[in-house]
Structure formats: structure tokens, C-alpha cells
Amino acid sequence: MIAFSGNPLDRASERRGDAAWLTERRADSATRVLPLWKLQPLLLGPEDASGTTTGLGFLDGDLAAGLGSPQAVEVFLGMDGGIAYFARDISSLADPLAASLASHGHFRDARSAASLLPAHEIAMLGQAKALIDWHNRHQFCAQCGNPTDLADGGYRRICPACKAEHFPRTDPAVIMLVTAGDRCLLGRNKRFTGGHYSTLAGFLEPGETIEEAVRREVYEEVRVRVGAVAYFASQPWPFPSNLMIGCFAEADTDAIQVDGNEILAARWFDRETVRRLLSGESNEVSLPRRDAIAFHLIRDWAERR
Ligand SMILES: [Zn+2]
């Protein structure tokens, strides 16, 4: 499973603009609310039980309503069966566990929480974190500077002064496995430690197609020319609000020249070598985490005959 994908909730986007409907959902006794403190979700269970699977610490609506400031940002995540799910920012609390939450669990940063949660809850966490983070950083109108108001359960902000509407951002990035017949190209990013190799990646620019961004980024990072580009899958990546668009990219040229800036080293790996790395028979270099789309790109290619 690609982490942060497979969200089970019905976002009810056709209904959430109806303020009365949303107020009813929020007041329903079955409603569940996930508190986030400084973008860290509440997880069930004790903090020292690291490594064991846990769950998101959804609270009942009344308990959550008393946490943090009365103006705390609250966003609607969606419906599952008849139950509504929300997330609430309780960052104004100095110590969130001091009050009523200590018996419920602990707070943990979203990246490491993602390795402890079941897949459907990782996706819900990604949605909650990306949305709340956006609200925290977009309190004021980009057009006139006045404070804006949350609307549509968190999927819009409206400026009461100039009427401008602002929508939550998703920033697309391309992530691509460059291939040439029976070989693929992996690089070592300056942010990686040790012998970690992965696919290349970069942000799309305004006025650019996915294919154009793939070709530009590959040439920029390793000076390899890419021809055909094929879409594979995508991954929401809420750090802070990206969408990773996974592609395969066929190389037209062979010689690698790393930029030395973002990519420190890059080389061609043949399919057999990649298979041995995936199976653990070889540890010559380390590959991406299994929940990352980069891993899925590499594995999909390696398993082809
Ligand atoms: Zn404005």
C-alpha cells in the first residue's frame, strides 16, 4: 500500500458547503474528532509502546470541543457510514496531556505516526494534517491582508473585506524512475544519509505538463535526456501538502553527470541487482521505505519480466 493513499472517508463535498448540515453533523453524538497538537495527531496507547500498531485517537465531539481555544480551527474530514469525522487544532494548549487526554494516548509527529497506523488511518491523518497546516499558515487574505474566515468545513477561506476566496493548496511534484532497457537510474540525494539510493524527484512549475517536468528535472539533476514518460500512480504527501506523481521515464541518453547540488551520486542498476536489493540478498545500497511511492516504482519495474 502506498502510504497516505486509500482514504476510506466520503468527503461529502456536495454537502459540506451547507453550514446547517455541517453543524448537525458536528453536534451528532456519534461524531468523532481527531485532535492535532502542533500538527501531531493523538495516538491511542502509551508513548513507550513504539513499534506496535496503534490507532488514531478520535475523541467524542463534546470532549474535543473543550480543547484549545474556542476559535480553534476545526475541519471536516468526511463520513464513514453514518459517522462524521472531524479534526481539531489544539495547539493553543501548553500541555495537551495535562488535562483530560493523558488517559487516551500520546501525541506523535505525523511521519513516525504513519509507520504505526493502519493504512486507512494514515490516509485520514494526511488529510487532517495537510488541511490544518494550511489554515494555520493562511489566516490572512493574500489579496488585501485582512483576516479571513473558514468555510465549507475547511475547504475554503473567504475574505470578508474583499470577498476573495482561498482554497487549500496541493503542490504537485513528479517522482520518476528513469529506465533504459534492463537498467534503471537511482540517485543519492544530499538529504539522504549513508548508502541510500532512490528515484529522482522535483516540483512542477507553472505552465508545465507532468511529462515536461519529468524531462526537465531529470536533465537538471543528472543530465540524462528522457523521451517517453508513463504515469504509474500518485501519493498524497502531507509534508506540508504535496502530491507525488509517480512516473516511469525512458532515457534517450546514457551518460550521467550529477548536479552535485541536489544529487550527490547517481548510477545505473541492472534489474538483477535491484531484485537482489529488494529481496535483501544484497545490501550494497539501501532502497526507499516500503510505504513510499519511490519503493513501489522500483519494485514494479524490477518485477517485470
Ligand atoms: Zn481580502
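Model, not experiment: these values are computed from the prediction.

(A) Fine view of the overall build of the protein chain. Scanning the protein chain from terminus to terminus reveals 8 helices and 15 strands. Across its three principal axes, the protein chain shows a C-alpha extent of roughly 60 × 50 × 35 Å. Nonlocal contacts in the protein chain, meaning residues at least 24 apart in sequence, comprise 65% of its contacts between residues at least 6 apart. A total accessible area of about 14,500 Å² is found for the protein chain, and carbon and sulfur atoms account for 49% of it.

(B) Summary view of the environment of Arg-157. With respect to the secondary-structure elements, Arg-157 resides in strand E8 (residues 156-158). As for Arg-157 and Ser-234, which are separated by 77 residues in sequence, their C-alpha atoms are 27 Å apart. In contact with Arg-157, not counting residues within four places along its chain, are Trp-134, His-135, His-138, Gln-139, Thr-148, Asp-149, Leu-150, Ala-164, Glu-165 and His-166. Reaching out from Arg-157, the side chain makes a polar contact with the backbone oxygen of Thr-148 at a distance of 2.8 Å.

(C) Seen up close, the packing of aromatic side chains. Applying the stated criterion to the full structure yields 9 aromatic pairs. Seen from their ring centres, Trp-21 and Phe-76 are 5.8 Å apart, and the 85° between their planes marks the pair as edge-to-face. Residue Trp-21 is found in helix H1 (residues 19-27), and its partner Phe-76 is found in strand E4 (residues 74-80); the two are separated by 55 residues along the sequence. What makes Trp-21 buried here is its relative accessible area of 10%.

(D) Spatial organisation of the sheet that holds strand E7 (residues 149-151). Taken in spatial order, the 3 strands of this open sheet run E7-E8-E9, and their pairing is antiparallel. Each edge of the open sheet is held by one strand with a lone partner, namely E7 and strand E9 (165-166). Relative to E8, E7 runs antiparallel, the two sharing 3 bridges. Residue pairing in the sheet places Ala-151 in a bridge with Arg-156 of E8.

(E) Summary view of the pattern of salt bridges. Tallying each qualifying case throughout the model produces 17 salt bridges. As a salt-bridge pair, Arg-304 and Asp-300 come within 3.3 Å of each other at their nearest N and O atoms. Residue Arg-304 is classed as partly exposed on the basis of its relative accessible area of 35%. Overall, the relative accessible area of 32% leaves Asp-300 in the partly exposed class. Among the charged side chains, a network of salt bridges with common partners joins Glu-205, Glu-208, Arg-216, Glu-217 and Glu-220.

(F) Just the coordination of the zinc ion, in detail. Bound to the zinc ion on the protein side are Cys-141 (SG), Cys-144 (SG), Cys-159 (SG) and Cys-162 (SG), at distances that span 2.3 to 2.4 Å. Because the angles between the 4 donor atoms bound to the zinc ion fall within 101 to 114°, the donor set is best described as tetrahedral. In terms of primary sequence, the donors binding the zinc ion are separated according to C-x2-C-x14-C-x2-C. Its relative accessible area of 28% is what places Cys-162 among the partly exposed residues.

(G) Highlighting the packing of helix H7 (residues 271-279) against helix H8 (residues 293-302). Packing of H7 against H8 leaves a shortest axis separation of 9 Å and a crossing angle of 125°. Judged on the interaxial angle alone, H8 and H7 are oblique. Considering only the axes of H7 and H8, their crossing is left-handed. Here H7 contributes Arg-271, Val-274, Arg-275 and Leu-278 to the contact with H8, which in turn contributes Phe-295, Ile-298, Arg-299, Trp-301 and Ala-302. Here the contact of H7 with H8 is built from residues that sort into 6 nonpolar, no polar and 3 charged.

(H) Up close: the nonpolar core. Ranked by internal contacts, the top residues of the largest apolar core, which has 48 residues, are Leu-56, Leu-77, Ala-87, Leu-177, Leu-186 and Phe-269. Residues Val-214, Val-222, Ile-245 and Trp-268 belong to the second largest nonpolar core, which totals 20 residues.

(I) Up close: the pairing of E4. The element E4 is largely enclosed, with a buried count of 6 among its 7 residues. One ladder, built from 6 bridges, connects E4 with strand E5 (residues 83-89); its direction is antiparallel. Note that in E5 the partner of Met-79 across the bridge is Ala-84. If you look at the hairpin formed by E4 and E5, you'll find 2 residues sitting between the two strands, and Gly-81 has a positive phi there, around 60°.

(J) Inspection of the pairing of strand E10 (residues 171-180) at higher detail. Along E10, 8 of the 10 residues are buried, which leaves the element largely enclosed by surrounding structure. The sheet contact formed by E10 and strand E14 (residues 242-251) spans 9 bridges and is parallel. Bridge assignment links Val-178 to a residue of E14, and that residue is Ala-249. As paired elements, E10 and strand E12 (residues 200-203) share 4 bridges and run antiparallel to each other. Bridging from a neighbouring strand, Ala-173 pairs with Phe-203 of E12. Pairing geometry for E10 and strand E11 (residues 183-189), over 3 bridges, is antiparallel. Bridge assignment links Thr-179 to a residue of E11, and that residue is Cys-184.

Analysis parameters
Residues numbered from 1 in each chain as written. Predicted model: local features only at pLDDT ≥ 70, side-chain atom pairs only at ≥ 80, totals over all residues. Heavy atoms only, no water. Helix = DSSP H or I, 4+ residues; strand = E, 2+ residues; numbered from the N terminus. Contact = heavy atoms within 4.5 Å. Areas by Shrake-Rupley, 256 points an atom, 1.4 Å probe, with all protein chains shown as cover. Polar contact = N/O pair within 3.5 Å; in protein donor to acceptor, adjacent residues only side chain to side chain. Phe/Tyr/Trp six-rings, centres within 6.5 Å; stacked < 30°, edge-to-face > 60°. Buried < 20%, exposed > 50% of the residue type's maximum accessible area, 1.4 Å probe, protein only. Pairing = 2+ DSSP bridges. Salt bridge = Lys/Arg side-chain N within 4 Å of Asp/Glu carboxyl O. Donors = N, O, S within 2.8 Å, 3.2 Å for Na, K, Ca; no water. Tetrahedral: all angles 85-135°; square planar, octahedral: opposite > 155°, others 65-115°. Axes fitted to C-alpha atoms, helices over the stretch in contact; angles between N-to-C directions. Parallel < 35°, antiparallel > 145°, perpendicular 65-115°, else oblique. Left-handed = near helix turned anticlockwise from the far one by under 90°. Nonpolar A, V, L, I, M, F, W, Y, C, P; charged D, E, K, R; others polar. Core = buried A, V, L, I, M, F, W, Y, C linked by side-chain atoms within 4.5 Å.

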